[in-house]
Amino acid sequence: MRRFPPERIVCLTEETVETLYLLGAEDRIVGVSGYAVRPKRVRAEKPRVSAFTSADIPKILALEPDLVLTFSDLQADIAAALLREGVTVMGYNQRDVAGILAMIRHLGAMVGQSKRAARLVHHYEQRLAKLEAKAEGRARPTVYFEEWDEPMITGIGWVSELIEIAGGREAFPELAGKDKAKDRFVTSQQVIAAAPDVILASWCGKKVRPEKIAARAGWDSIPAVREGRIVEIKSPLILQPGPAALTDGLDAIAAALA
């Protein structure tokens, strides 16, 4: 790293962008993912240099970053390409709520905003505890969260945790802790057997079609389908393991379960 704290940061996923804005460190960001939409002004303020599994390496190098922030094994090839070019890369891998909060603290420390990060984490912890307490004692609907439709993929760890915090019961708790999407595939028969009371869906980069979900063979027996409780949650709110999921994403889940 040329400078510390880093002065020129490229963020290849949305959650680190939003976190840096919340920490008042947005001036350090020199490039972002095309999926970065929070806060809204980021699309006008920062150049886009990547999708999710692909990136414009020459464009990133031209920005002369002190640090590039990546996420998960899905960006491992991008990280390797940048490391070979001598760029410092930090790869996050948060897959649950605790990991999200740890990421915020770590990123805050890296940009010299440890105290502000700690305050932000404390705010989120209090918020989560308040919503969890609000749901205490209420009947818990069984919730199937669909991360993708073909093949059907059920929700990852942080999504499952937020469903429980909002007052729901995860339909596939044995799969929620699996990091890789291929380990969370479910069949139509498994979902029918789980009999969810609510179906939440968020297909990254593709609009959810509740009518297509309801029309699946045999799904007319599912309580959520019979009651018309199929709800889309926009992917930027819930599929990014960062502040959005802990705020607007969680609120959207709670509203769907109310």
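Residues numbered from 1 in each chain as written. Predicted model: local features only at pLDDT ≥ 70, side-chain atom pairs only at ≥ 80, totals over all residues. Heavy atoms only, no water.

Peer 1: Tell me about the pattern of salt bridges, and please be specific about residues and values.
Peer 2: By the definition in use, this model includes 16 salt bridges. Here E45 and R41 are joined by a salt bridge, their closest N and O atoms 2.8 Å apart. Its relative accessible area of 41% is what places R41 among the partly exposed residues. Among the ionic contacts, a cluster of salt bridges with common partners joins R3, E7 and D66. (Salt bridge = Lys/Arg side-chain N within 4 Å of Asp/Glu carboxyl O. Buried < 20%, exposed > 50% of the residue type's maximum accessible area, 1.4 Å probe, protein only.)

Peer 1: Tell me about the nonpolar core, residues and numbers included.
Peer 2: Formed by 48 residues in total, the largest nonpolar core has its most connected members in L20, L69, L162, I238 and I253. If you tally residues by element for this core, the top one is helix 5 (residues 97-110), at seven residues. Aside from chain neighbours lying at most four places away, what touches I238 is F145, W158, V159, L162, S202, I233, A245, G249 and I253. Formed by 18 residues, the second largest nonpolar core is a distinct cluster that contains V186, A201, A224 and I230. (Core = buried A, V, L, I, M, F, W, Y, C linked by side-chain atoms within 4.5 Å. Helix = DSSP H or I, 4+ residues; strand = E, 2+ residues; numbered from the N terminus. Contact = heavy atoms within 4.5 Å.)

Peer 1: Could you give an account of the pairing of strand 5 (residues 89-92), with specific residues and numbers?
Peer 2: In this sheet, strand 5 lies alongside strand 4 (residues 67-71) in parallel orientation, the contact comprising four bridges. The residue of strand 5 that forms the bridge with F71 is Y92. A crossover links strand 4 with its parallel partner strand 5, the connecting element being helix 4 (residues 76-84), and its sense is right-handed. (Pairing = 2+ DSSP bridges. Right-handed = clockwise from strand over helix to strand, strands pointing away.)

Peer 1: Any chance you could break down the layout of surface pockets for me, citing the residues and the numbers?
Peer 2: Approximately 850 Å³ is the volume attributed to the largest pocket. Secondary-structure elements contributing two or more residues to the lining of the largest pocket are helix 1 (14-22), strand 6 (142-149) and helix 12 (235-238). Of the residues belonging to the lining of the largest pocket, the class tally is 14 nonpolar, eight polar and ten charged. (1 Å grid on protein atoms, 1.4 Å probe; cavity = no way out; pocket = protein on both sides within 12 Å on 5 of 7 lines; lining within 4 Å. Points joined across faces, edges and corners; volume = space filled by probe spheres on them. Nonpolar A, V, L, I, M, F, W, Y, C, P; charged D, E, K, R; others polar.)

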